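Remarks on the overall topology
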Amino acid sequence: MSADDLASGSILWTLLVLHLLAVPLSAWVARFDHRAGLGVAAIAPALTAIWASVLLIDSTNPFVTELMWVEGLDVGVRFRADAIALLMTLLVSGIGTLVLVYAMGYFSTSSAQMPRMTAALLAFSTSMLGLVLADSIWTLFIFWEFTSITSFLLVGHKDVDASVRDAARRALMITGAGGLSLLAGLLILGAESGTTSLTDLAPIDGGRAWVAALLILGGVATKSAQVPFHVWLPGAMKAPTPVSAYLHSATMVKAGVLLLAITGPAFTDVTTWKVVGLALGISSMLWGGITSLRHQDAKLILAWGTISQLGLLVTLLSVGTAKATFAAISILFAHAIFKAALFAVVGEIDIRTGTRDIRELGGLSRTMPIATAVAVVSGLSMAGVPPLLGFAAKEAAVEAALKLSGTDALIVSTSIIVGSVITVAYTTRFLLGTFGAGPDTTVAPRRPAMTIATTVLGLGSIVGYIAINAVNGIVGPAAVEINAKADVYSLYRWPGITTAFLVSAAIVAVGVALGLFILRRVDQPAPGARGADLVDHGLDRFLAWAPQPIARIQHGSLPVYLATMGLVALTATIPFVREVDTDSLVLWDNAFQGALAVAIIGAAAAGAFVNSRLGAALTLGAVGLGVTGLFVVHGAPDLALTQLLVETIIVVGFVLGLGHLGRSFPSAHATWKGVRVGVSVLCGVGVMFGLAASASNPSGTPPIEQLAEAAVEEGGGNNIVNVILTDLRALDTLGEVVVLAVVALGILALANTSDTEATT
Amino acid sequence: MIGNRSPVVQLGIRTATPLAVLVGFYLFFAGHNAPGGGFAAGLVFGAVVTLRTIAGLQRPTHAIPLLSAGIFIVIAVAAAPLLWGDTVLDQAIGSIEVPVLGKLKSGSALPFDLGVTAIVVALVLALLDGLGVGAITTSEHERRRESTETSP
């Protein structure tokens, strides 16, 4: 099979369906053996990674595939496999496969939570795949939210621990809020640029573009952990390390960066986009790096380093020059590989020594040689030292920074250089602190699955450097997808002695010195999680406060609920009042209608004032039968039949209920009774106006002719009303019966809880 | 319950049940070409169930399985056309020759209507549960019948 055969929508859908089928299957297998479960889960991502790499190497043309749901609204699922989507697919599925293999070693016992863990990991992988391949704003948003939810489940793996639950809740709340902001932003963006396709976005400007830019940046900043929304990411490190390596370094946190890249072309004329993006990126890059230098926990050092690196990516993409975009995509690729490897090594250290504190670790280079080698290679790649992939990518970034011109150039390029120095410093401290001298730590035996995965990830940085042309073939077209002018750039194994190279050399030298200096200060206290505490405190306060207003709104009085709903619904009829065309109104078509109307009004009025429950039931029945009569006179047998049946079942219901209730209504205050009657009359009048308005403003000719024809031809039935219900407008019916089903479920739930609540 | 006090009501409802069920089936199948349909049939079945509850007679009790089945059917019918590339809820029509009855024509609207009926009946059952009018179980029913037969 050639690559052209693989570049088809059916293969893409098959892979997605394979993922979806494997989610429950892997959970089921994991109940018996967690390693087998993880193995089953790894199949679909592995196939997807191979598929993506074949397409990337052959650099096939982009293709679009979609499943349309509502054509008129352009609502559907649409995927587009272009260079950047396939690059991300390779990262998501490739690293996903390795993480699942790694997890086979990481989780030693088949705990009861393993099925959930396995299923959630694969479900996350599926969501992320959908997110990176998405081509419509709807598809993107739906999968974006799926990644937030699966991330919540994965962070909260050890759910017996209260601090883990807090961390999971914090992550969900912040990324969830960002998701809502993103939805609003995407809706404005879609409306302004007139398309739901992410590839056809036209540049927009004006006030709405400004708002859309801020809202979308809200989504970017929360998902990609940019200051000040970064507080969820360090907390998420409470998740098992496979999760941290996969979600919180390599893939999910890159979703925001990806979004920034693909929506960027729409905001080229919006200054806010660039300014806010730079502010977010630069502050995250510096603050993340500085905080990383203050932590003693190896995993938190890496987590804060990730915030810093994400800040660098956001900065480069916000700069928006072709060179900076190319550099950002290169670093995104290199970072996913080396950071996943580093996390994997820290997880292995954690499992085999029982600690992640760099002060307690020592002698690991002797006892854990392979892990040390992987960490050193990946760490040097992170610091930008040759001969590694990170060096080539970092060179591109430094070059892009030095090439900037304009007022903001000084700030941006200085920040990138300072950020890089800090990166080298925390990398030095991490490597020497973890693997350098120190008290000898006892080390448990190696677990092959972990070693295999970490080694492959570690080799990635070396292979990427050797096969730099292949990397260029992947990264180059991806950057061109975002900025067409990026096609002139490529990564170099050895750029020669350029200004950028000299700057890089200086960065490494200063960074190493800084790292060594800070490493000496072993006794500095680790910074507290003030931001995270603030968020938790705020959430707790909100949850403590919420019951008060809820108790006021949900007071439990049925008449007040009905009156409120009636009044609110009434406001909807106000616009209709002026639309009524009084000339078109006739008293009646048929004298029977007049007689029935009088009877209905009389029965309704009697119902309002009658005191006994049986009397009220009878008057309501009379109203219903009167309406049925109106339908009959009008020649609508379907409506009459349905109305009659509804009346029948209501009468039966009354018979059932009256046996349990008193004969007459409890006495009510006269004013309250007046209010109720008033609201009812107003509602009736409102409906009357609405109907009169719609009858006097027919838009075009009634579609009865087309419906009659369509009913027989498409629906295969002669009863137009029912063919409309079950075929022509069946989607409405589907929605309605689902509402009925939800009501039924609600009633059942209430019926089941009322017993238990009454006793407590 | 009224049925316990009034054998006339109980007997009446017991006698009316098969007739009402027949009417329900008629409405269900007639719906495509004449007044009726899944919703109407569901209401008739719902009324039967409620009346039997009032009379203290046996009635179906399983709201949740019925509800699940109904939702499954409507969603399956809605989604099935996607499998062969049509839009959601696209109607398929077929006809078969049946001895005696002749040529019967129907479409995927029929199972869709069946799902609607199931959901409506399930809603009535849920309402009865919600009102705390529990159904009479078989054993209880037998016991009552015995007690009424022996007591006079």
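Scoring rules and cut-offs
- Residues numbered from 1 in each chain as written.
- Chains lettered and ligands numbered in written order.
- Predicted model: local features only at pLDDT ≥ 70, side-chain atom pairs only at ≥ 80, totals over all residues.
- Heavy atoms only, no water.
- Helix = DSSP H or I, 4+ residues; strand = E, 2+ residues; numbered from the N terminus.
- Contact = heavy atoms within 4.5 Å.
- Areas by Shrake-Rupley, 256 points an atom, 1.4 Å probe, with all protein chains shown as cover.
- Domains from an automatic or database assignment.
- Patch = residues over 30% accessible without salt bridge, like charges linked within 9 Å, V, L, I, M, F, W, Y side chains within 5 Å.
- Salt bridge = Lys/Arg side-chain N within 4 Å of Asp/Glu carboxyl O.
- Expected span 1.5 Å × (residues − 1).
- Buried < 20%, exposed > 50% of the residue type's maximum accessible area, 1.4 Å probe, protein only.
- Core = buried A, V, L, I, M, F, W, Y, C linked by side-chain atoms within 4.5 Å.
- Pairing = 2+ DSSP bridges.
- Buried area = accessible area lost by both parts, 1.4 Å probe.
- Polar contact = N/O pair within 3.5 Å; in protein donor to acceptor, adjacent residues only side chain to side chain.
- Nonpolar A, V, L, I, M, F, W, Y, C, P; charged D, E, K, R; others polar.
- pLDDT = per-residue confidence, 0-100.

Some points on the overall build of chain B
- Counting its regular elements, chain B contains 6 helices and 2 strands.
- Counting from the amino terminus, helix and strand elements in chain B follow one another as α-α-α-α-β-β-α-α.
- Counting contacts in chain B only where the partners sit at least 6 residues apart, residues at least 24 apart contribute 64% of the total.
- Total accessible area on chain B stands at roughly 8,100 Å², and carbon and sulfur atoms take up 68% of it.

Points about the domain arrangement of chain A
- Parsing chain A into structural domains produces domain 1 (317–523), domain 2 (555–699) and domain 3 (700–760).
- Relative placement of domain 1 of chain A and domain 2 of chain A: their C-alpha centres are 72 Å apart.

Digging into a nonpolar patch on the surface
Residues and elements named next belong to chain A.
- Taken together, the side chains of Leu18, Ile43, Leu47 and Ile50 define a hydrophobic patch exposed on the protein surface, amounting to about 340 Å² of accessible area.
- Here the nonpolar patch takes 3 residues from helix 3 (residues 34–57), the largest share from any one element.
- Positionally, Ile50 belongs in helix 3.

Focus: helix 27 (residues 637–658) of chain A
- Its 22 residues place the ends of helix 27 of chain A 31 Å apart at the C-alpha level, agreeing with the 32 Å of an ideal helix rising 1.5 Å per residue.
- Listed as buried for helix 27 of chain A are Asp638, Ala640, Leu645, Glu647, Ile649, Val652 and Leu656 of chain A.
- Structurally, helix 27 of chain A contributes buried residues whose contacts are with helix 26 (613–634) and helix 30 (720–728) of chain A together with helix 2 (7–30), helix 3 (38–54) and helix 5 (109–130) of chain B.

What about the environment of Leu18 of chain A?
Residue and element names in this part refer to chain A.
- By the element assignment, Leu18 lies in helix 2 (residues 9–30).
- Leu18 sits in the partly exposed class, given a relative accessible area of 32%.
- Spatially, the C-alpha atom of Leu18 lies 59 Å from that of Asp581, the residues being 563 residues apart in sequence.
- With residues up to four places along the chain from it excluded, the contact list for Leu18 reads Ala44 and Leu47.

Examining the nonpolar core
- By size, the foremost hydrophobic cluster in this structure holds 176 residues, and its most contacted members are Trp51, Ile95, Ile216, Trp232, Phe267, Leu316 and Phe333 of chain A.
- For this core, the leading source of residues is helix 14 (residues 322–353) of chain A, giving 21 residues.
- Not counting residues up to four positions away in its chain, the partners in contact with Phe333 of chain A are Leu87, Leu90, Leu91, Leu389, Val471 and Val475 of chain A.
- By size, the runner-up hydrophobic cluster in this structure holds 37 residues, among which are Leu748 of chain A together with Val77, Ile119 and Val120 of chain B.

Comments concerning the pattern of salt bridges
All names here are of chain A.
- Evaluation of the coordinates by the stated rule reveals 14 salt bridges over all chains.
- The partner of Asp159 in a salt bridge is Arg116, with the nearest N and O atoms 3.2 Å apart. In this pair, Asp159 is assigned in the loop between helix 6 (137–155) and helix 7 (162–193) and Arg116 in helix 5 (residues 114–133), connecting sequence segments 43 residues apart.
- For Asp159, a relative accessible area of 27% puts it in the partly exposed group.
- For the salt bridge of Asp350 with Arg356, the shortest nitrogen-to-oxygen distance reads 3.2 Å.

A closer look at the pairing of strand 2 (residues 75–81) of chain A
Residues and elements named next belong to chain A.
- Where burial is concerned, most of strand 2 is hidden: 5 out of the 7 residues are buried.
- Bridge count between strand 1 (residues 63–70) and strand 2: 7 bridges; the pairing is antiparallel. Paired with Met68 across the bridge in strand 2 is Gly76.

Details of the interface of chain B and chain A
- Each side of the interface is counted separately: chain B has 47 residues, and chain A has 37 residues.
- Between chain B and chain A the total buried area reaches about 3,500 Å² when both faces are included, carbon and sulfur atoms providing 80% of it.
- Seen at the junction of chain B and chain A, the total is 0 salt bridges.
- At the surface where chain B touches chain A, the tally comes to 0 residue pairs in polar contact (both at pLDDT 80 or more).
- The set of elements that each furnish at least two residues to the side of chain B that touches chain A consists of helix 3, helix 4 (63–83) and helix 5 of chain B.
- A per-element tally of the side of chain B that touches chain A places helix 5 of chain B first, with 14 residues.
- Split into classes, the residues belonging to the side of chain B that touches chain A amount to 35 nonpolar, 9 polar and 3 charged.

Description of the confidence of the model for chain B
- Of all residues in chain B, 67% attain a pLDDT of 70 or more, and the chain-wide mean is 77.
- The lowest-confidence element of chain B is helix 6 (residues 138–150) of chain B, averaging 52 in pLDDT; the highest-confidence one is helix 2 of chain B, averaging 90.

Thoughts on the side chain of Thr372 of chain A
- Relative to the assigned elements, Thr372 of chain A resides in helix 16 (residues 369–383).
- In contact with Thr372 of chain A, other than residues within four places in its own chain, are Leu364, Ser365 and Phe435 of chain A.

What about unusual backbone geometry?
All names here are of chain A.
- Between Val227 and the following residue, Pro228, the backbone shows a cis peptide bond with an omega angle of 5°.
- Position of Pro228 relative to the elements: it lies in the loop between helix 8 (207–223) and helix 9 (232–235).
- Cis rather than trans, the peptide bond between Pro386 and Pro387 has omega equal to 0°.
- One can find Pro387 in the loop between helix 16 and helix 17 (389–403).
- One non-glycine residue, Ala225, adopts positive backbone phi at about 50°.
- Here Ala225 shows up in the loop between helix 8 and helix 9.

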